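Each chain, letter by letter, is given below.
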Amino acid sequence: MVTLDRLVNVLGSYGVRLRFCPIPRSTELRSVILHEVTDDRTVVGDVLLGIGARSVKEAVRWAASAHAVVVLIRGGDDDTTFGGADEGVAVMVVDPAVSWSELAAIIYGLVMEGRETESGRGPTDLFALADSLAEAIGGAVIIEDRLSRVLAYSRLQQYADPARVATILERQAPERLRAFFEARGVYAHLAASDDPLFVAEDAEHGMTGRMVVAVRSGRELMGSVWVECPAPLDGSALTALADGARTVALHLLRSRASADLERQVETELVIRLLDGTADAATAASRLGLPHSLLRVIAVQAFIGTERDASLLLAFERATTGFGWSRPGRSALAGNTVYTLLPGESSATARKWVTGLQAALPEQVTVLAGISGAAGVADLVAARQEADECLALHEVWPRAATPPAYDESWDDILLQRLRTAARSGRSPDRGPVAELRRHDEANATEYVVTLRAWLEAQGDPAEAGERLGVHENTVRYRLRKMAEIANLQLDDAKKRLAMMIELAATDTD
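Residues numbered from 1 in each chain as written. Predicted model: local features only at pLDDT ≥ 70, side-chain atom pairs only at ≥ 80, totals over all residues. Heavy atoms only, no water.

*Asks:* Can you help me understand the overall build of the protein in this one?
*Replies:* For the protein, the count of helices and strands is 18 helices and 18 strands. Considering the protein as a whole, with its 508 residues, one finds that 47% of them fall into the buried category. As displayed, the protein has an accessible area near 24600 Å², and 52% of this comes from carbon and sulfur atoms. (Helix = DSSP H or I, 4+ residues; strand = E, 2+ residues; numbered from the N terminus. Buried < 20%, exposed > 50% of the residue type's maximum accessible area, 1.4 Å probe, protein only. Areas by Shrake-Rupley, 256 points an atom, 1.4 Å probe, with all protein chains shown as cover.)

So this is what it looks like as structure tokens:
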């Protein structure tokens, strides 16, 4: 079961728009049907997929016949009165680019089961399962994922201890409580064993006692089930906990499969936008992106030299949550996660990156690059900007904030020049190269003096301040440098060329 409001919000990210709504958006929806008549009996339900309807009026007529309160149609005429207002049928119009099969899978998942998937957009009834387990066992239940984040919890709250309350409020076990479980060997047990484990009461951590069991698929640890209990479970309660863990594993597997399909659809649309192979306005509409400026964020993640698992985890976190509640739309392409984020401010993009980093394990290093603000038609160029900013962040100190193209274009230009220089394309003859060889052979400081003089725009006094020497020393060095190389400092083009070469080859 799902409300009409939830259906409208979720389908909005798939290019479906509510055109007419004579009923409350709090209306509950429990079934989905197609238009058909079987043995003179009309199939009835709450949501009708008006596949094949030639007009809005025809779709509304079908819906009224099926006692449906919502009908979805492809396109339709421009008649906003619909002539079926008296029937009390809400009309939702489907973007022509969205396939019925794709849409049907999403709607069936939402309406029939009405809960979130791992990515937040499809079917799972983990909360109902937690309630069922709590009733069978006789203790409050929390279901967590493999990173100790809360997936669901039972409504049974009687005598809830402070540790349970804090865990639910924070959506994961508090750091102090996790450290306690780590010290007690709980996480090591979950990683190695399928047997339930009892954790005794600890007043210091506000915990009355816990029974915990791993949720596993094959050898993969997917999460855990925690039951609040003052003593170890036994008999039917212990059996119910073990059976419940296996059921939770099936739900998580189904959730993951649904989430992966949804991520695949989103990834395809985002990549097509970034490659310029899709109609930008249509793809953006299907993704539920606003008609405003966007920034492309390119992200890489790794632990030491290991990149694949960290990158997949970053992509999972970037795509967690309902489409209408997530600000960005993401894709995994090669070794990079790309996210289209609404907003003109670079601060908004950096805040998003900070949030992603906080959602990942502490040992994961995140590198990111942020494009300039761009319209949907300019996302191909914005992706290149994000890639260059990502490359720049890779050579910056780890603590540096992710660069944004409109703020760091000068650093990117210099980085391009340095890349060209490292590939052997920098000149090995000319005044700068000759001065550098002289410095290396004679321990002089002519190159650094030249750079200071150029940066000071020919002012010996300012150059001397930069170098920490007297301005006469600068003049003396310039005269000696002119004897070694043909500087021609009075030529503006040659001064510019020397500044470019110095920027491309000097790394200090």
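Moving on, there is more to tell.
*Asks:* I tried to follow the confidence of the model for the protein on my own but got confused; where do I start?
*Replies:* If pLDDT is low for a region, its predicted coordinates should not be looked at in detail. Per-residue pLDDT for the protein averages 83, and the proportion of residues at 70 or more is 87%. Low confidence marks residues 113-124, where pLDDT is under 50. Its contacts with residues over four positions away, or in another chain, come to 56 contacts. (pLDDT = per-residue confidence, 0-100. Contact = heavy atoms within 4.5 Å.)

*Asks:* Whenever I open this one, the packing of helix H10 (residues 308-318) against helix H11 (residues 346-359) confuses me. Can you help?
*Replies:* Helix-helix packing is characterised by the crossing angle of the two axes and by the distance between the axes. With their axes 10 Å apart at the nearest point, H10 and H11 run at an angle of 120° to one another. Between H10 and H11, the angle falls in the class oblique. Here the hand of the crossing between H10 and H11 comes out right-handed. Between H10 and H11, the contacting residues are Ala314, Arg317 and Ala318 on the first element and Trp352, Leu356 and Ala359 on the second. Class assignment of the residues belonging to the contact of H10 with H11 gives a composition of 5 nonpolar, no polar and 1 charged. (Axes fitted to C-alpha atoms, helices over the stretch in contact; angles between N-to-C directions. Parallel < 35°, antiparallel > 145°, perpendicular 65-115°, else oblique. Left-handed = near helix turned anticlockwise from the far one by under 90°. Nonpolar A, V, L, I, M, F, W, Y, C, P; charged D, E, K, R; others polar.)

*Asks:* Could you clarify how one ought to interpret unusual backbone geometry in this entry?
*Replies:* Trans peptide bonds make up most of the peptide bonds, and negative phi angles are found at most residues other than glycine. Although it is not a glycine, serine 148 sits at a positive phi angle of roughly 65°. Structurally, serine 148 can be placed in the loop between strand S10 (141-145) and strand S11 (150-153). Looking at serine 148, the relative accessible area reads 8%, which means it is buried. The phi angle at arginine 171 is positive, at roughly 65°, despite the residue not being glycine. By the element assignment, arginine 171 lies in the loop between helix H5 (162-170) and helix H6 (175-183).

*Asks:* How should the environment of arginine 61 be read in this particular structure?
*Replies:* Relative to the helices and strands, arginine 61 is located in helix H2 (residues 56-65). Of the residues examined, arginine 61 reaches a relative accessible area of 52% and is grouped as exposed. Along the backbone, arginine 61 and glutamate 87 are 26 residues apart, and their C-alpha atoms lie at a distance of 8.4 Å.

*Asks:* Even after reading the chapter, I still don't get the packing of aromatic side chains, so can you show me in this structure?
*Replies:* Pairs of aromatic rings are described using the distance from one ring centre to the other and the angle between the two planes. Enumeration over the complete set of coordinates arrives at 4 aromatic pairs. Each ring, one from phenylalanine 127 and one from tyrosine 153, has its centre 5.3 Å from the other, and the planes form 75°; the classification is edge-to-face. Here tyrosine 153 lies in strand S11 and phenylalanine 127 lies in helix H4 (residues 126-137), a separation of 26 residues in the sequence. For tyrosine 153, a relative accessible area of 24% translates into the label partly exposed. Judged by centre distance (5.6 Å) and plane angle (50°), the ring pair of phenylalanine 180 and phenylalanine 181 falls under tilted. The same class applies to phenylalanine 180 as to phenylalanine 181, namely buried. Each residue in the set Phe180, Phe181, Tyr187 and Trp226 is aromatic and connected to the rest through ring pairs, giving one cluster. If you follow arginine 383 out to its NZ or CZ, it ends over the ring of tyrosine 338, 4.5 Å from the centre. (Phe/Tyr/Trp six-rings, centres within 6.5 Å; stacked < 30°, edge-to-face > 60°. Lys NZ or Arg CZ within 6 Å of the ring centre and 35° of its normal.)

*Asks:* Help me out: how do you make sense of the sheet that holds strand S2 (residues 16-20) in this one?
*Replies:* Each strand in a sheet pairs with its neighbour through backbone hydrogen bonds, running either in the same direction (parallel) or in the opposite one (antiparallel). In space, the 5 strands of this open sheet follow the order S2-S9-S8-S7-S4, with mixed pairing throughout. Unpaired on one side and paired on the other, S2 and strand S4 (32-34) mark the two borders of the sheet. Across this sheet, the average inter-strand angle for adjacent strands is 30°, counted without regard to direction. Judged from the 4 bridges that link them, S2 and strand S9 (residues 90-94) form a sheet pairing that is antiparallel. Along S9, the bridge assignment pairs phenylalanine 20 with valine 91. In this fold H2 packs onto strand S7 (47-49), strand S8 (70-74) and S9, with an angle of close to 145° to the strand it touches most, S8. (Pairing = 2+ DSSP bridges.)

*Asks:* Would you take a moment to explain a nonpolar patch on the surface for this structure?
*Replies:* Taken together, the side chains of Leu34, Ile51 and Tyr108 present a nonpolar region at the surface, about 240 Å² in accessible area. The class of leucine 34 is partly exposed, set by a relative accessible area of 39%. (Patch = residues over 30% accessible without salt bridge, like charges linked within 9 Å, V, L, I, M, F, W, Y side chains within 5 Å. Salt bridge = Lys/Arg side-chain N within 4 Å of Asp/Glu carboxyl O.)

*Asks:* Can you walk me through the sheet that holds strand S12 (residues 197-199) in this structure?
*Replies:* Spatially, 5 strands are ordered S11-S10-S14-S13-S12 in an open sheet, and the strand pairing comes out antiparallel. Looking at which strands have only one partner, the edges of the open sheet turn out to be S11 and S12. When strand polarity is set aside, the average angle formed by the axes of neighbouring strands in this sheet is 25°. Across 3 bridges, the pairing between S12 and strand S13 (residues 210-217) is antiparallel. From the neighbouring strand, leucine 197 faces S13, where its bridge partner is valine 212. Most of the contacts of H4 go to S11, to which it runs at about 55°, and overall it touches S10, S11 and strand S14 (220-228).

*Asks:* Explain helix H16 (residues 460-467) here, please?
*Replies:* Given 3.6 residues per turn, any residue in an α-helix points the same way as the ones three and four places further on. Burial in H16 covers these residues: Pro460, Ala463 and Gly464. Take H16 and look down its axis: the buried residues cluster within an arc of 100°, on one side only. Those residues of H16 that are buried are in contact with helix H15 (446-455) and helix H17 (471-484). The N-cap residue of H16 is aspartate 459: its side-chain oxygen and the backbone nitrogen of alanine 461 are 3.0 Å apart. Positioned one or two residues after H16, glycine 468 has a phi angle of 80°, which is positive. (Arc of directions from axis to C-beta. Polar contact = N/O pair within 3.5 Å; in protein donor to acceptor, adjacent residues only side chain to side chain.)

*Asks:* Any chance you could explain the layout of surface pockets here in plain terms?
*Replies:* The probe, sized like a water molecule, is rolled over the atoms to show the empty space still left. Each pocket or cavity is described by its volume, and for the second largest pocket that value is around 500 Å³. Of all elements in the fold, only H6 and H11 reach the threshold of two or more residues within the lining of the second largest pocket. With 4 residues, the top contributor of residues to the lining of the second largest pocket is H6. Among the residues forming the lining of the second largest pocket, the class breakdown is 7 nonpolar, 4 polar and 5 charged. (1 Å grid on protein atoms, 1.4 Å probe; cavity = no way out; pocket = protein on both sides within 12 Å on 5 of 7 lines; lining within 4 Å. Points joined across faces, edges and corners; volume = space filled by probe spheres on them.)

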